[in-house]
Amino acid sequence: MKSRLPRARPTCVAACVSTLILVSSAIVFANVIPSAWIESSAPRGLLGAASFFVLTFEPHLGIVAALAIIGLLVLRNWRVAVIAAPLLGWTLGPMAWSLMRPSPSPIRSPLHIMTANLLVGHDGVDVLARRIIELNPDVIFFQEYTPAKARRLIPLLAGRYPNVAEGLRDHAFGSAIYSRFPFLEVPDLYPHRSIRAPNGLEGRIGGEVGVWDPQVRAIIEHDGEPIVLQNVHFAPPIHLQYFAEQRAMTRWLCDWLKSETRAVVIAGDFNSTDRSDNLRELAAAGALDTAGIAGRGWIGTWPSSGLAGLVPMPIDHILVRGLRCSAARVGGDIASDHLPLFAEIGR
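Residues numbered from 1 in each chain as written. Predicted model: local features only at pLDDT ≥ 70, side-chain atom pairs only at ≥ 80, totals over all residues. Heavy atoms only, no water.

A.B. asks: Would you mind going over the pairing of strand E6 (residues 225-233) with me for this structure?
C.D. replies: Both faces of the sheet carry side chains from a regular strand, because those side chains alternate between them. A large share of E6 lies buried, amounting to seven of its nine residues. Bridging between strand E5 (residues 217-222) and E6 involves six bridges; their strand directions are antiparallel. Within E6, the position partnered with Ile 220 by the bridge is Ile 227. Where E5 folds back onto E6 in an antiparallel hairpin, the turn is made up of two residues, including Asp 223, whose phi is positive at roughly 55°. As paired elements, E6 and strand E7 (residues 263-269) share seven bridges and run parallel to each other. By the bridge assignment for E7, Ile 227 is matched with Ala 263. Crossover connection from E6 via helix H8 (residues 240-259) to parallel E7: handedness right-handed. (Buried < 20%, exposed > 50% of the residue type's maximum accessible area, 1.4 Å probe, protein only. Helix = DSSP H or I, 4+ residues; strand = E, 2+ residues; numbered from the N terminus. Pairing = 2+ DSSP bridges. Right-handed = clockwise from strand over helix to strand, strands pointing away.)

A.B. asks: Just to check I follow, could you spell out the sheet that holds E6 for this structure?
C.D. replies: For sheets, the rule is that strands pair by backbone hydrogen bonds, running either parallel or antiparallel. Taken in spatial order, the five strands line up as E5-E6-E7-E9-E8 in an open sheet, and their pairing is mixed. With partners counted over all chains shown, the strands left at the sheet margins are E5 and strand E8 (288-289), one partner each. Where E7 lies against strand E9 (residues 316-321), six bridges are found, and the strand directions are antiparallel. Within E9, the residue paired with Ile 266 across the bridge is Leu 319. Its contacts with the sheet put H8 on E5, E6, E7 and E9, and the angle it makes with E6 is roughly 170°. (Contact = heavy atoms within 4.5 Å. Axes fitted to C-alpha atoms, helices over the stretch in contact; angles between N-to-C directions.)

Read these as geometric descriptors, not functional statements.
The structure is reproduced here in structure tokens:
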């Protein structure tokens, strides 16, 4: 056994170094490809899509890099381990910093927000209802909200949430907002009428979500001031056309934020992580991710189970503009492939 270890050591070192080179190369690639490429035809569109997925999995790549660096330390290759250490700062640094930064100051009159993707295909809501009662949010944003789920949820929650705005669909792209507070105006189920469906999808029935599907908007009053609530569900990143829909959604929201002067909450399933260009551009427009403001550690929401559920991706978000956030966290199982997200916000 002793005679084999010296011979195995160079192979192990080479494997660790190769892993670090691949990880760093992928991250550099993802951060230099222009985001506009994702809306181009192949091959530039494919490069843009590859960039999107690398950015999505940056924290996971950081875990791979950390394992490789640990391997180098065990093998006593200190020099390469030290050279590679900044890679961990880039990929895992934000999460580590979230555990060390000071807690935000408390909010005098907090508004509790929850967003939850309900997973189309099953109608059970008992686990969801128990979780809602436990978390006790003031406002809930639902995605994948179907008539079957509505028939079961409303009787269970009507006493707590008498104000409901529904954009019903029989497939995965219905949405709703439940609120303790009355709506100041009639909710708008399609607040994006100026946006046209991409070519080839204008007449589709069912299919993937886009800006011409329900993206419910409502307005409530809290602490004496109006707050605009915008529910969103971005297209899943499974086709170049759907990437284009994500970009259209992002532009629409950024354009709207330029003209909206009231406080805003944008919540839902973005099918994009905080490292995507979509969330970066929304942040530049003033809509900040509550998980980034007040979250602690890894706040992943999908998938909720299985091996991948050990390190779920943060694709559900609660964004705020003109508001503060004092706490943000994942809310626990709701019998869906997504975990709910919960945030405490206010002025």
